[in-house]
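Observations on the three-dimensional arrangement
Here are the chains, one letter per residue:
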Amino acid sequence: MDGLQRRFGFNTTVAIIVGTVIGSGIFMKPALMASQLGSPMLLLSVWVVAGLVSLFGAMSNAELAAMYPDTGGPYVYFRELYGEAFAFLYGWAAFTVFNCAGTVSIAYVFVHYGTAFIDLPQLNDASVHAFVVRLPGVGTILPLENIGEKVVTTIVLLLLTVLNYFSAGLGGAVQRGLTALKAVAIGLLIVGLLAGGGSSAHHDMFARAVDVPAIGGWTLFAAYFAALGGAFWAYDGWNNISFVAGEIKDPQRNIPRGLFVGLLFCVLVYVLVNIAFLYVLPIDVMATSTLVASDAARVVWGALGGGLVAALVMLSTLGSTAANVLATARVTYAVGAEYKGLAWVGKVRSGSHTPGNALLLNMAWMTALVFSGSFDMLTDMVVFVSWFFYAMLALGVIILRVRRKEVARPYKVPGYPWVPGLFVLFTFAFLVTTLWSDAVDYLAGRTTLINSLLGVLITLAGLPLYLLLKRGVRSRGEG
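Every chain begins its residue count from 1, and numbering advances along the sequence as written. The model is predicted, so local features are restricted to residues of pLDDT at least 70 and side-chain atom pairs to those at 80 or more, both for listing and for counting; the totals for chains, interfaces and linings are taken over all residues. Side-chain descriptors were evaluated using all non-hydrogen atoms of the structure, hydrogens and water having been removed beforehand.

**Comments concerning the overall build of the protein**
Counting from the N terminus, the helices are DSSP H or I runs at least four residues long and the strands are E runs at least two residues long. Per the secondary structure count, the protein includes 21 helices and two strands. Counting every position in the protein, which comprises 479 residues, the buried fraction comes to 56%. Taking contacts inside the protein between residues at least 6 apart in sequence as the whole, the part at least 24 apart equals 82%. Accessible area for the protein stands at about 19100 Å²; split by element, carbon and sulfur atoms hold 67% of it. Burial status follows relative accessibility: with a 1.4 Å probe on protein chains alone, a residue under 20% of its type maximum counts as buried, one over 50% as exposed, and anything between as partly exposed. Here, two residues are considered to be in contact whenever any of their heavy atoms come within 4.5 Å of each other. Note that accessible areas follow from Shrake-Rupley with a 1.4 Å probe, and for residues the cover is restricted to the protein chains shown.

What follows is the structure, given as structure tokens:
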């Protein structure tokens, strides 16, 4: 049977990493993070710390990717590390929570910013409430709310799915082009804000950078970790390159190099963008901004700035959506290839050598998420669930160093065991703090759900399906 082919080189590898990571987070999270911390220095430190932690995770992930350069990435590693059940739960969580939901949320931001240029049709309130879905204990869903944006979001996802369905090579070429345009556009934004500058009252960033925030103790600790959650969301996606490891040329060399170069580029971009925002907007103004990039642009370029930034965000999020559509279907494909009951999902489309059925299944679920309107809730769970699995990957590096000493390691994570060990410790501290903060907010009535716990429950809901399918696990040698 024709399989997926190795056609992605180093440039495409870096393009997929940068294209996946730099999406909507850098334009949506800084204002919230500023309100949580109240200090320019702390805000910049969060982006640096989150970037370094992500880099530690990427370096650890690269060792596993070089050892097992197969399509499906973490699913393959988890199968080797912790067995079939754990690997299936990862595949289930990737499908139901962080892959499809994350892709939908980014595509929706693309369409939302497009309304700055085109008014999309909407239904009146009576029509919106004519069709309501009530989920006991969860809430109310209005599928017809913001119908114009939902329809266009679905069309965008469908077009990108069709593109990747018929040609992996064309999908990679489009990704390289969009990533290059994104890098140029963000570079122009940074230079433009720093060169334009705004009024002199805004230029006290460095003088105010050492301001002590009004909060302290546990409150500051919790706020810092909450801000880290926002930064982790912006950095999320660095591991997506391992999803397409089976299609990368010379993966033992290109994956580690691509992860290191791509993620360092993202850290540099994020820090520079935040410096540019802080240069134009005081921290207290930034904290109350709903669209911080547009507000900063208006200070420098006036009304024209809002339109320019809207176009930039659209370009950035389109590239990120394309990268996610390409990469995430590979995990769905890998799971399908393992189970006879899901064999149709693991089929490669002849001729184009693409995971066609997996792309179509992801598209169907993404469409359901779009019209359910539940993707905002799901994306709140993305960081918690995905970073649990990231920690288990880094822990796996240590486990395999002990258990499988004889296996060749084309790439070894530098600074072992400190790099993967510190990543594991930091990530579990982040998870515990997040779960505790979510529970406190819920008990205090500030939220209606413990989103992190809901993410765990959705993940565990995959166990019954695994028990149903486990009799159909393919043997390793079975084609």
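**Description of the environment of Ala 107**
Tracing the backbone shows Ala 107 in helix 7 (residues 100–114). Given the relative accessible area of 0%, Ala 107 is considered buried. C-alpha separation for the pair Ala 107 and Ser 320, spaced 213 residues apart in sequence, amounts to 8.3 Å. Those residues in contact with Ala 107 that sit more than four places away from it in its chain are Thr 153, Leu 157 and Thr 321.

**Looking at the packing of aromatic side chains**
Planes of paired rings set the category: under 30 degrees apart is stacked, over 60 is edge-to-face and the rest tilted, where pairs are Phe, Tyr or Trp rings (Trp by its six-membered ring) whose centres lie within 6.5 Å. Enumeration according to the criterion identifies 26 aromatic pairs in this entry. On the basis of an interplanar angle of 80° and a centroid distance of 6.5 Å, the ring pair of Phe 388 and Phe 428 is categorised as edge-to-face. You can see Phe 388 sitting in helix 18 (residues 375–403) and its partner Phe 428 sitting in helix 19 (residues 418–443), a full 40 residues away along the chain. An aromatic cluster is built from Phe 78, Tyr 82, Phe 86, Tyr 90, Phe 98, Phe 388, Phe 389 and Phe 428, whose rings are joined through pairwise contacts. For a lysine, the NZ atom is tested; for an arginine, the CZ atom; a charge sits over a ring if that atom is within 6 Å of the ring centre and within 35 degrees of the ring normal. In this structure, Arg 401 is placed above the aromatic ring of Tyr 416, and the distance from its NZ or CZ to the ring centre is 3.9 Å.

**Observations regarding the pattern of salt bridges**
Close approach of charged atoms allows side chains with opposite charge to pair. For salt bridges, the criterion is a side-chain nitrogen of Lys or Arg within 4 Å of an Asp or Glu carboxyl oxygen. Tallying each qualifying case throughout the model produces five salt bridges. Of the charged contacts in the structure, one is a salt bridge between Arg 401 and Glu 63, with a shortest N-O distance of 2.9 Å. Of this pair, Arg 401 sits in helix 18 while Glu 63 sits in helix 4 (residues 40–67), placing them 338 residues apart in sequence. Residue Glu 63 is classed as buried on the basis of its relative accessible area of 1%. Linking Glu 80 and Arg 79 is a salt bridge whose minimum nitrogen-to-oxygen distance equals 3.8 Å. Residues joined by salt bridges that share partners form a network here, namely Glu 63, Arg 401 and Arg 409.

**Quick notes on the side chain of Arg 409**
Structurally, Arg 409 is set in the loop between helix 18 and helix 19. Polar contact criterion, stated in full: a pair of N or O atoms within 3.5 Å, where within protein one must be able to donate a hydrogen and the other to accept it, and residues adjacent in sequence count only if both atoms are side-chain atoms. A polar contact is formed between the side chain of Arg 409 and the side chain of Glu 63, at a distance of 3.4 Å. Within the local environment of Arg 409, its side chain forms a polar contact with the backbone oxygen of Arg 404, the two atoms lying 3.1 Å apart. Not counting residues up to four positions away in its chain, the partners in contact with Arg 409 are Glu 63, Met 67, Leu 400, Arg 401 and Arg 404.

**Let's talk about empty space enclosed by the protein**
Using a 1 Å grid laid over the protein atoms alone, points where a 1.4 Å probe fits but cannot get out form a cavity; open sets with protein on both sides within 12 Å along at least 5 of 7 lines form a pocket; any residue with an atom within 4 Å of a point counts as lining. Grid points are joined across faces, edges and corners, and a volume is the space filled by probe spheres set on the points. For the structure on display, the rule yields three cavities of 30 Å³ or more. Considering only enclosed or pocket space, the largest cavity measures out at about 190 Å³ in volume. Every residue lining the largest cavity is counted, 21 residues in all, and those nearest its centre are Ile 106, Trp 233, Asp 236, Gly 237 and Asn 324. In terms of residues, the lining of the largest cavity owes the most to one element, helix 7, which gives three residues. Note on residue classes: Ala, Val, Leu, Ile, Met, Phe, Trp, Tyr, Cys and Pro are nonpolar, Asp, Glu, Lys and Arg are charged, and everything else, Gly too, is polar. Of the residues that constitute the lining of the largest cavity, the class distribution is eight nonpolar, 12 polar and one charged.

**Section: the environment of Ala 66**
Looking at the element boundaries, Ala 66 is found in helix 4. Setting aside anything within four residues of it in sequence, one finds Ala 66 in contact with Gln 252, Pro 410 and Tyr 411.

**Let's talk about a nonpolar patch on the surface**
Like charges are joined within 9 Å and nonpolar side chains (Val, Leu, Ile, Met, Phe, Trp, Tyr) within 5 Å, but only among residues with over 30% relative accessible area and no salt bridge; these make up the patches. Nonpolar side chains collect at one region of the surface, where Leu 435, Leu 453, Val 456, Leu 457, Leu 460 and Leu 463 lie side by side and expose about 460 Å² of accessible area between them. Take the nonpolar patch: its biggest share by element is four residues, from helix 20 (residues 451–460). Its location among the elements puts Leu 463 in helix 21 (residues 462–469).

**Here we look at helix 16 (residues 303–338)**
The end-to-end C-alpha distance of helix 16 is 54 Å, a good match for the 52 Å that 36 residues give at a rise of 1.5 Å each. The element helix 16 is extensively covered by neighbouring structure, given that 28 of its 36 residues are classed as buried. In a helix, the anticipated span is given by 1.5 Å times the number of residues less one.

**Focus: the nonpolar core**
In this description, a nonpolar core means a group of buried Ala, Val, Leu, Ile, Met, Phe, Trp, Tyr and Cys residues linked to one another through side-chain atoms lying within 4.5 Å. If you look at the biggest cluster of nonpolar residues, it comprises 138 residues, and the most contacted ones within it are Trp 47, Phe 98, Tyr 235, Tyr 270 and Trp 387. For this core, the element with the most residues is helix 4, which contributes 15 residues. Tyr 270 has contacts with Val 21, Ile 22, Gly 23, Ile 26, Trp 47, Ala 234 and Tyr 235, leaving out every residue within four places of it along the chain.

**Quick look at unusual backbone geometry**
Of note, the amide linkage connecting Tyr 416 to Pro 417 takes the cis form, showing an omega dihedral of 5°. Here Pro 417 shows up in the loop between helix 18 and helix 19. Even without being glycine, Asn 146 reaches a positive phi, approximately 50°. Within the secondary structure, Asn 146 is located in the loop between strand 2 (139–141) and helix 9 (147–166).

**Remarks on helix 20**
Taken residue by residue, helix 20 has Asn 451, Ser 452, Gly 455 and Thr 459 as its buried positions. Buried residues along helix 20 cover an arc of 105° about the axis, so they all sit on one side. The arc under discussion is defined with respect to the helix axis, by the directions toward the C-beta atoms.

**Focus: the environment of Ser 45**
For Ser 45, the location among the structural elements is in helix 4. Taking the relative accessible area as the measure of exposure, Ser 45 reaches 22% and is therefore partly exposed. Separated by 183 residues in the primary sequence, Ser 45 and Leu 228 have C-alpha atoms spaced 9.7 Å apart. A polar side-chain atom of Ser 45 sits 2.7 Å from the main-chain carbonyl oxygen of Leu 42.

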